[in-house]
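Reading the structure
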Amino acid sequence: MARNEEISSMNEALQHGFKIHEESSKEELFKNIEEAESRLAQFQSSKPKLQKVPVMLRDHTSFERYYEPRAVAIGPFHHAKERCQLAEKFKLALTAKFVKDSGCPAEVLHKIIEDNINTLRDCYDEEATRSYTDESLTRLLFLYG
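Parameters and conventions
Positions within a chain are numbered from 1, following the residues in the order the chain's sequence is written. Since the coordinates come from a predicted model, pLDDT governs what is reported: local features require at least 70, and pairs of side-chain atoms require 80 or more to be given and counted, while whole-chain, interface and lining totals use all residues. Side-chain figures throughout are based on the complete set of non-hydrogen atoms in the structure, without hydrogens or water. Counting from the N terminus, the helices are the DSSP runs of H or I reaching at least four residues and the strands are the DSSP runs of E reaching at least two. When checking whether two residues touch, look at their non-hydrogen atoms; a contact exists if any pair is within 4.5 Å. All accessibility values rest on the Shrake-Rupley procedure with a 1.4 Å probe; residue burial counts only the protein chains present in the view. Between Lys or Arg on one side and Asp or Glu on the other, a salt bridge is scored when a side-chain nitrogen of the former is within 4 Å of a carboxyl oxygen of the latter. A helix's residues, less one, multiplied by 1.5 Å, set its expected span. Exposure categories follow from relative accessible area, calculated using a 1.4 Å probe and restricted to protein chains: below 20% of the type maximum is buried, above 50% is exposed, and the middle band is partly exposed. This arc corresponds to the set of directions leading from the helix axis out to the C-beta atoms. Identification of polar contacts relies on pairs of N or O atoms within 3.5 Å, with a donor-acceptor requirement for protein atoms, meaning one able to donate a hydrogen and the other able to accept it, and with residues adjacent in sequence counted only if both atoms are side-chain atoms.

Looking at the overall build of the protein
Scanning the protein from terminus to terminus reveals eight helices and zero strands. Tracing the protein from N to C terminus, the helices and strands come up as α-α-α-α-α-α-α-α. For the protein, the proportion of contacts with a sequence separation of at least 24, taken over those separated by at least 6, is 55%. Entry remark: accessible area of the protein is about 10900 Å², with carbon and sulfur atoms responsible for 57%.

Pasting the structure below:
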């Protein structure tokens, strides 16, 4: 697992990119190295987050079958995908069953998510939740996990 986190951190650092040109000055080269090192250190020191599949793997269409959901989307990554819409009607029923089985009113469970939305948002890579308001992310996590 630690090795996967290391690779993920490196991929993230590389996605921020920096320019390496043969005609760059030594000062620019050293500055780029320092910046890359600080970005890498930042990612390595942060806790693991749920992320999208790295770009270098997403570019291979044959690999898509391994990470794209076929029927059910869980969480914000694939929520709006058309192929997952059929399962959406079942999610409300599953949420109702979860609420019943938990023994807590739906309002209490929703409030727990709502009160902890910043912590929950922080479990995901920023790109995954950027387009969601706190209210919409709370709803999504309450209904869809």
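Still to come is the rest of the account.
Focus on the pattern of salt bridges
As enumerated under the stated definition, the model contains five salt bridges in all. The salt bridge partner of Arg121 is Asp134, with a shortest N-O separation of 2.9 Å. Separated by 13 residues along the polypeptide, Arg121 in helix α6 (residues 117–121) and Asp134 in helix α8 (residues 134–144) bring together distant segments of the chain. With a shortest N-O distance of 3.9 Å, Arg130 and Glu126 are connected by a salt bridge.

Focus: helix α4 (residues 88–102)
If you check α4, its first and last C-alpha atoms are 21 Å apart, about what 15 residues at 1.5 Å a residue would give, namely 21 Å. What α4 keeps buried is the set Glu88, Lys91, Thr95 and Val99. The buried residues of α4 occupy an angular sector of 75 degrees when the element is viewed end-on, so they sit on one face. Turned more than 90 degrees off the buried face of α4, the exposed positions are Lys89, Leu94, Lys100 and Asp101. Structurally, α4 contributes buried residues whose contacts are with α5 (106–115) and α8. Gly103 sits one or two positions beyond α4 and adopts a positive phi of about 80 degrees.

Some points on the side chain of Arg121
Given a relative accessible area of 18%, Arg121 falls into the buried group. Reaching out from Arg121, the side chain makes a polar contact with the side chain of Asp134 at a distance of 2.9 Å. Not counting the four nearest positions on each side in its chain, Arg121 is found in contact with Thr129, Tyr132, Thr133, Asp134 and Leu137.

Topic: the environment of Leu137
Looking at the element boundaries, Leu137 is found in helix α8. Using a relative accessible area of 0% as the deciding quantity, one classes Leu137 as buried. Once you skip the residues sitting within four places of it in the chain, Leu137 turns out to touch Ile117, Arg121, Thr129 and Tyr132.

Observations regarding the environment of Gln85
With respect to the secondary-structure elements, Gln85 resides in the loop between α3 (55–58) and α4. With 13 residues separating them along the chain, Gln85 and Val72 place their C-alpha atoms 7.8 Å apart. Among residues more than four places away in sequence, those in contact with Gln85 are His79 and Ala80.

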